[in-house]
Amino acid sequence: MTAVLAKHTLHSGIFHPVLREWQSPNVEITVNNLMYPIFISDAENAKEPINSMPGVYRYGINQLEKMLQPLVAKGLKSVLLFGVTQYLEKDEIGSNADSARNPVIQALPLLREKFPNLLIACDVCLCPYTNHGHCGILNSDGSINNANSIQRIAEVAVSYAKAGAQIVAPSDMLDGRIGAIKLGLAAAGFSNKVAVLSYAVKFASGLYGPFRDASQSAPKFGDRKCYQLPPGSNGLAARAAARDVNEGADMLMVKPGLPYLDVMRQTKDAHPEYPLFVYQVSGEYAMLHHGAQNGAINLENVLNEILLSMRRAGADCIITYFTPLILDMLQRKS
Ligand code: PBG
Ligand code: ZN
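Description of the structure in this document. Since the structure is predicted, the reported quantities are computational estimates derived from the model, not experimental observations.

1. Notes on the nonpolar core
No. 1: The biggest cluster of nonpolar side chains holds 110 residues, and the ones touching the most others in it are Ile38, Leu68, Leu81, Tyr160, Val168 and Tyr279.
No. 2: Of the residues forming this core, the biggest block, 9 residues, is contributed by helix α5 (residues 146-163).
No. 3: For Ile38, the residues in contact, after removing those within four places along its chain, are Tyr59, Leu64, Met67, Leu68, Val79, Leu80, Leu81 and Phe82.

What follows is the structure in structure tokens.
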């Protein structure tokens, strides 16, 4: 009895912080595991708070350098850019997704110049730029015209590449867009200069609400259930990832994060050769923030626990609005 007890004590391996680190060697959080999403507004000088996301702002192009400088100094390695049009006109095909006045197109050369070591990804979608707010071009009956949509989405991805994007990340979930984008990039000479991060496994989630508020991209009618995945379907999740791998994606993503840890693990196990991203989405950010503000949880403790869960589930990189806070947490730790 005593011999068995002596052999199976777990406490002997965790009484010191360094011992505890050794017990979780593959779930470390470092600056390399973070990507910071940024909303860039067409209002050049704007710094507008988003009510449902405390601490997150829409930045005009003239505010970007000042905002990013301290984060880069703390080790920030990559960002994900979202355009927000508050003044530019929206139309059926999302013409302003890649017009010369698009805020992302305008910000790219500036960011590349000011932050030469920062890796810059751009979300590619039509919903912030279409008058109906859907992620593709529609038929007259309101359904998605898939062929026209992926051609347009590929065109937008190539425009971002030309403006300086190093990663394009299509979030539309339409059929065949990875292939269309890869073809477009190759034809434009970007095969070896631009990576495609596929929002491969993106569920139709109630957790995108604050984002749609931030980017003013909510659909004007209906929902996105005919193109984003049904939350119960790990079968479609597996097929979506396999399909995007087959079409040439460089990196895969699961989105949202916390409710889909099992899908992360399944995706990593099926495609261990591909870097796996997870998007901790706007609703996850809002829940944690409001829970902490109301005294229910300690923000930093719970955030750390959730980040570890994502790393344990197989995520290599976490896209999170908490990045500035996490950079501070890392600095305090070191
Ligand atoms: C647009 C897009 C969405 C998000 C990223 N790109 C919203 C949606 O699909 O409705 C969600 C991100 C978040 O909630 O933080 N296609
Ligand atoms: Zn969209």
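2. Quick look at the site of ligand 1
No. 1: Around ligand 1, a shell composed of 18 residues is seen, among which Lys202, Arg212, Lys255, Ser282 and Tyr321 lie nearest.
No. 2: In the model, a nitrogen atom of ligand 1 is placed 3.0 Å from a nitrogen or oxygen of the Ser171 side chain.
No. 3: At 2.9 Å from an oxygen atom of ligand 1 is found a side-chain nitrogen or oxygen belonging to Gln228.
No. 4: Burial of ligand 1 by the protein amounts to 100% of the accessible area it has alone, namely 400 Å².

3. Structural notes on the coordination of the zinc ion (ligand 2)
No. 1: The coordination sphere of the zinc ion (ligand 2) contains the protein donors Cys125 (SG), Cys127 (SG) and Cys135 (SG), at a distance range of 2.2 to 2.3 Å.
No. 2: Angles of 99 to 116° at the metal separate the 4 donor atoms of the zinc ion (ligand 2), which places the site in the tetrahedral class.
No. 3: Look at where the donors of the zinc ion (ligand 2) fall in the sequence and you get C-x1-C-x7-C.
No. 4: According to the relative accessible area criterion, Cys127 is buried, its value standing at 7%.
No. 5: By relative accessible area, Cys135 is classed as buried at 1%.

4. Examining the packing of aromatic side chains
No. 1: Evaluation of the coordinates by the stated rule reveals 11 aromatic pairs.
No. 2: Taken together, a centroid distance of 5.5 Å and an interplanar angle of 55° make the contact between Phe39 and Phe211 tilted. Of this pair, Phe39 sits in strand β1 (residues 34-41) while Phe211 sits in helix α7 (residues 209-215); the two residues are 172 residues apart in sequence, bridging distant segments of the chain.
No. 3: Its relative accessible area of 16% is what places Phe211 among the buried residues.
No. 4: Relative to Tyr260, the ring of Phe203 has its centre 4.1 Å away and its plane inclined at 10°; by these criteria the two rings are stacked. One end of the pair, Phe203, is in the loop between β7 (195-202) and α7; the other, Tyr260, is in the loop between β8 (251-255) and α9 (261-270), with 57 residues separating them in the sequence. Assigned by exposure class, Phe203 and Tyr260 land together as buried.

Conventions we followed
Residues numbered from 1 in each chain as written. Chains lettered and ligands numbered in written order. Predicted model: local features only at pLDDT ≥ 70, side-chain atom pairs only at ≥ 80, totals over all residues. Heavy atoms only, no water. Core = buried A, V, L, I, M, F, W, Y, C linked by side-chain atoms within 4.5 Å. Buried < 20%, exposed > 50% of the residue type's maximum accessible area, 1.4 Å probe, protein only. Helix = DSSP H or I, 4+ residues; strand = E, 2+ residues; numbered from the N terminus. Contact = heavy atoms within 4.5 Å. Near = heavy atom within 4 Å. Polar contact = N/O pair within 3.5 Å; in protein donor to acceptor, adjacent residues only side chain to side chain. Areas by Shrake-Rupley, 256 points an atom, 1.4 Å probe, with all protein chains shown as cover. Donors = N, O, S within 2.8 Å, 3.2 Å for Na, K, Ca; no water. Tetrahedral: all angles 85-135°; square planar, octahedral: opposite > 155°, others 65-115°. Phe/Tyr/Trp six-rings, centres within 6.5 Å; stacked < 30°, edge-to-face > 60°.

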